[in-house]
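# Chains, contacts and geometry: an overview
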Amino acid sequence: MGTVVDDAASVEFHAFFERHYAELARLAALLTGEADAADDLAADALLALWHRWDRVRAADHPVAYARGVVANLARTRIRSAIRERRRITLFWSQREEKTENPDVPGMVDVQEALRRLPFRKRACVVLRHAFDLSEKDTALALGVSVGTVKSQTSKGMAELQRLLGSQDAPRQIHRAVSGATGGRDR
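Residues numbered from 1 in each chain as written. Predicted model: local features only at pLDDT ≥ 70, side-chain atom pairs only at ≥ 80, totals over all residues. Heavy atoms only, no water.

Quick note on the threshold: UniProt positions are given in the numbering used here, feature names are shortened, and annotations may be inferred rather than shown by experiment.
The name given to the protein chain in an unreviewed UniProt entry is RNA polymerase sigma factor, and the organism recorded there is Streptomyces ruber. According to the UniProt record, the Sequence similarities (unreviewed entry) comment for the protein chain is "Belongs to the sigma-70 factor family. ECF subfamily."

Have a look at this one:
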């Protein structure tokens, strides 16, 4: 039978879970570009948080801590996928195909452009523009300095504007990522 402290911690964690699960799943989807994996990553992050709940609940910013766990899990998943693709490529040693006059799409999809950004730039842009987090909150979530957030966000936005061919990238990003989980808000 659990103690009063264990029961209180359980109730507190359950409330945290209910309040932040959808946001963490959305963050995972935007960072990995895989809506299907987002629920699993958010669940894995919350499981890790539960195992360290005493430490998490004592933290100054538990939500930032949770976002950091999601970002780290997403980074690990991306790195695993890259390693797997490299192994497959080496195994099959794809032949080179060249096409003349390729059909270049007129507009690059925002999510595809986000996937092209290095992880830290992508994370900064997503947290700042999709989640409307302050520079300080973004820095807390990623475990970096505010200066790094400013620099990476600025560079990421410049690269997105170049990729999208638009000076209106912030608005395009906000519109595109607000529906990135296919309207599956919880």
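The discussion continues.
## What about unusual backbone geometry?
Outside of glycine, negative phi angles account for most residues, and trans bonds account for most peptide bonds. The condition that has to hold: Helix and strand labels come from DSSP, where a helix needs a run of H or I of at least four residues and a strand needs a run of E of at least two; each type is numbered from the N terminus. Exposure is judged per residue with a 1.4 Å probe applied to protein chains only, and the accessible area is read against the type maximum: over 50% gives exposed, under 20% gives buried, and values in between give partly exposed.
The phi angle at D132 is positive, at roughly 55°, despite the residue not being glycine. Turning to its location among the elements, D132 is positioned in the loop between helix 6 (119-130) and helix 7 (135-142). D132 sits in the exposed class, given a relative accessible area of 55%.

## Description of helix 8 (residues 146-164)
Residue pairs spaced three or four apart in an α-helix point in one direction, given the helix's 3.6 residues per turn. Threshold: Expected helix span is given by 1.5 Å per residue-to-residue step, counting one fewer step than there are residues. Note: the arc covers the axis-to-C-beta directions of the helix.
Over its 19 residues, helix 8 runs 26 Å from end to end, which matches the ideal 27 Å to within 8%, given 1.5 Å per residue. Buried residues of helix 8: V149, Q152, T153, G156, M157, L160, L163 and L164, and no others. One side of helix 8 carries all its buried residues, which in axial view fall inside an arc of 135°. G165 sits one or two positions beyond helix 8 and adopts a positive phi of about 65°.

## Remarks on the pattern of salt bridges
In plain terms, the rule: Any carboxyl oxygen of Asp or Glu that lies within 4 Å of a side-chain nitrogen of Lys or Arg is treated as forming a salt bridge with it.
This model, assessed by the stated rule, comprises seven salt bridges. The partner of E135 in a salt bridge is R128, with the nearest N and O atoms 4.0 Å apart. Overlapping salt bridges bring together E12, D54 and R57 as one network.

## A short note on the nonpolar core
Heads up, the condition is: What we call a nonpolar core is a set of buried Ala, Val, Leu, Ile, Met, Phe, Trp, Tyr and Cys residues that are connected through their side-chain atoms within 4.5 Å.
If you look at the biggest cluster of nonpolar residues, it comprises 49 residues, and the most contacted ones within it are L31, L49, V126 and F131. When residues of this core are assigned to their parent elements, the largest contribution, eleven residues, is made by helix 1 (residues 4-32).

## Describing the packing of aromatic side chains
Two aromatic rings are characterised by how far apart their centres lie and by the angle between their planes. Keep this limit in mind: What counts as a ring pair is set by centres within 6.5 Å for rings of Phe, Tyr and Trp (its six-membered ring), and what kind of pair is set by the plane angle: stacked under 30 degrees, edge-to-face over 60, tilted for all other angles.
Inspection of every chain in the model, using the stated rule, returns four aromatic pairs. On the numbers, 5.1 Å between centres and 25° between planes, the contact of F17 with Y21 is stacked. Of the two residues, F17 and Y21 both sit in helix 1, four residues apart, roughly one turn of that helix. The class for F17 is partly exposed, based on a relative accessible area of 28%. Relative accessible area serves as the criterion here: at 14%, Y21 is assigned to the buried category. Linked through ring pairs, F13, F16, W50 and W53 together constitute an aromatic cluster.

## A word on the confidence of the model for the protein chain
Counted only if it meets this: A residue's pLDDT is the predictor's confidence in that residue, given on a scale from 0 to 100. Here a residue-residue contact requires only that any non-hydrogen atoms of the pair lie within 4.5 Å.
Summarising the model, the protein chain shows a mean pLDDT of 79, and 73% of its residues fall at 70 or more. Averaged over each element, pLDDT in the protein chain is lowest for helix 9 (residues 169-178) (62) and highest for helix 2 (residues 35-51) (92). Scored below 50 in pLDDT, residues 101-108 shows four contacts in the model against residues more than four places distant or in partner chains. In the predicted structure, residues 179-186 sits below a pLDDT of 50 and forms eleven contacts with residues beyond four places in sequence or in another chain.

## Observations concerning the packing of helix 6 against helix 8
Definition in use: Orientation is described by axes fitted as lines to C-alpha atoms, over the contacting stretch for helices, and by angles from 0 to 180 degrees between their N-to-C directions. Here roughly perpendicular refers to angles of 65 to 115 degrees, roughly parallel to angles under 35, roughly antiparallel to angles over 145, and oblique to all remaining angles.
The contact between helix 6 and helix 8 brings their axes to 8 Å, and the two run at 95°. As the angle between them shows, helix 6 and helix 8 are arranged roughly perpendicular. Taking contact as the criterion, the partners of R120, K121, C124, V125, R128 and H129 in helix 6 are, on helix 8, T148, V149, Q152, T153, K155, G156, M157, E159 and L160.

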